[in-house]
Amino acid sequence: MPLASLALIGAAVFVASFVSGVFGIAGGMIMLGVLLVFFDVPTAMVMFSLLATTGNAWRVATWWRYINWPILWGYAAGGLVAVVLLAFVAFVPSKAMVYLILGLIPYTIEILPRDHHPNIEWRGAPTFAGFATTAIQLVAGNGGLFLDVFFQKSSLDRKTTVATKAICGTVGNLARMLYFGTLSGIDESFPLWAFIPAALLAIAGTMLAPLVLERMTDQGFRKWTRMLIFAVSAVYLARAAWLFWQG
């Protein structure tokens, strides 16, 4: 693989980890979108899982004391059910479908009346969120946007939100890696040694994020999260349209 491509992937890893560290979301969309440019779907999914797990693990360590554990246990239980059920299907989406689903999710959610959005603090909501989000991750690669809907109406502060979504994201990354790892290995064009600097870049982006998060208000946090999500989604819808047009 050319060094220019490796550099672009490294930059995407750093930016994605920083964005996820600040907002707890959207970084995964950025990283997966770039990886899909260079690799087939199963390979991109496995690599994304490995790199995202590194960034998530550091966020979990940074904000450990803010994790809402009951939410995590319910989420993990729902995710396990989704993995077991979809393991019988072994479905691998096309690149165009992945971009399309990732781009449509925020706009589809926006259509729903705000009063009908679920709350992660409701009884049974973490389990349902774990099942549905994991299912979306195994089909589209990233269910973070869907998971965010459950946190938008919650009374959790920004630090608890980022911490809890980070550890739930780690569960999802492991599930995605297991699912797609059984379908395909890593593309040999990507040198294994490159995972080391990529992991360091993921950690660096995550370490820089608290400097920004500490200076944000809860209101500003939600405002900028929303703007970022729709901006990335618009790019992916355009990418999906291009791929479908090319056939």
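Procedures and definitions
- Residues numbered from 1 in each chain as written.
- Predicted model: local features only at pLDDT ≥ 70, side-chain atom pairs only at ≥ 80, totals over all residues.
- Heavy atoms only, no water.
- Helix = DSSP H or I, 4+ residues; strand = E, 2+ residues; numbered from the N terminus.
- Expected span 1.5 Å × (residues − 1).
- Bend = angle between axes of the 7 residues up to and from the residue.
- Buried < 20%, exposed > 50% of the residue type's maximum accessible area, 1.4 Å probe, protein only.
- Contact = heavy atoms within 4.5 Å.
- Phe/Tyr/Trp six-rings, centres within 6.5 Å; stacked < 30°, edge-to-face > 60°.
- Core = buried A, V, L, I, M, F, W, Y, C linked by side-chain atoms within 4.5 Å.
- Axes fitted to C-alpha atoms, helices over the stretch in contact; angles between N-to-C directions.
- Parallel < 35°, antiparallel > 145°, perpendicular 65-115°, else oblique.
- Left-handed = near helix turned anticlockwise from the far one by under 90°.
- Nonpolar A, V, L, I, M, F, W, Y, C, P; charged D, E, K, R; others polar.

J.: Could you give me a rundown of helix 5 (residues 95-111), with the residues and numbers involved?
T.: Between its terminal C-alpha atoms helix 5 stretches 25 Å, which fits the 24 Å expected from 17 residues at 1.5 Å a residue. Of all the bends in helix 5, the largest measures some 30° and sits at Leu-104, one to four residues before the proline Pro-106. Burial in helix 5 covers these residues: Ala-96, Val-98, Tyr-99, Leu-102, Gly-103, Ile-105, Pro-106 and Ile-109. Along its buried surface, helix 5 packs onto helix 2 (27-38), helix 3 (41-62), helix 6 (125-140), helix 7 (144-152) and helix 10 (218-246).

J.: I'd like a description of the packing of aromatic side chains, backed by residues and values.
T.: Evaluated as defined, the whole model comprises ten aromatic pairs. Ring centres 6.5 Å apart and planes at 55° place the aromatic pair Phe-38 and Phe-39 in the tilted group. Taking the centre distance of 5.9 Å and the plane angle of 55° together, the rings of Trp-63 and Tyr-66 count as tilted. The class of Tyr-66 is partly exposed, set by a relative accessible area of 22%. Put simply, the rings of Trp-64, Trp-69 and Trp-73 pair up and form one aromatic cluster.

J.: Describe the environment of Leu-8, naming the residues involved and giving the relevant values.
T.: Of note, Leu-8 is situated in helix 1 (residues 3-23). Ignoring sequence-local partners within four residues, the contact set of Leu-8 consists of Val-34 and Phe-38.

J.: With reference to specific residues and values, describe the nonpolar core.
T.: One finds Met-31, Leu-32, Leu-35, Leu-36 and Ile-120 to be the most contacted residues of the largest nonpolar core, which totals 66 residues. Sort the elements by how many residues they give to this core and helix 3 lands first, with nine residues. In contact with Ile-120, other than residues within four places in its own chain, are Ile-71, Ala-125, Pro-126, Ala-129, Phe-150, Phe-151, Ser-154 and Leu-156.

J.: Explain the packing of helix 5 against helix 10 to me, using residue names and the numbers behind them.
T.: In the contact formed by helix 5 and helix 10, the axes pass within 8 Å of each other and the chain directions differ by 140°. As judged from the angle between their axes, helix 5 and helix 10 are oblique. Handedness of the crossing formed by helix 5 with helix 10: left-handed. In this structure, helix 5 uses Lys-95, Ala-96, Met-97, Tyr-99, Leu-100, Leu-102, Gly-103, Leu-104, Pro-106, Tyr-107 and Glu-110 to contact helix 10, whose residues at the interface are Arg-226, Ile-229, Phe-230, Ser-233, Ala-234, Tyr-236, Leu-237, Arg-239, Ala-240, Leu-243 and Phe-244. Broken down by class, the residue content of the contact of helix 5 with helix 10 amounts to 16 nonpolar, two polar and four charged.

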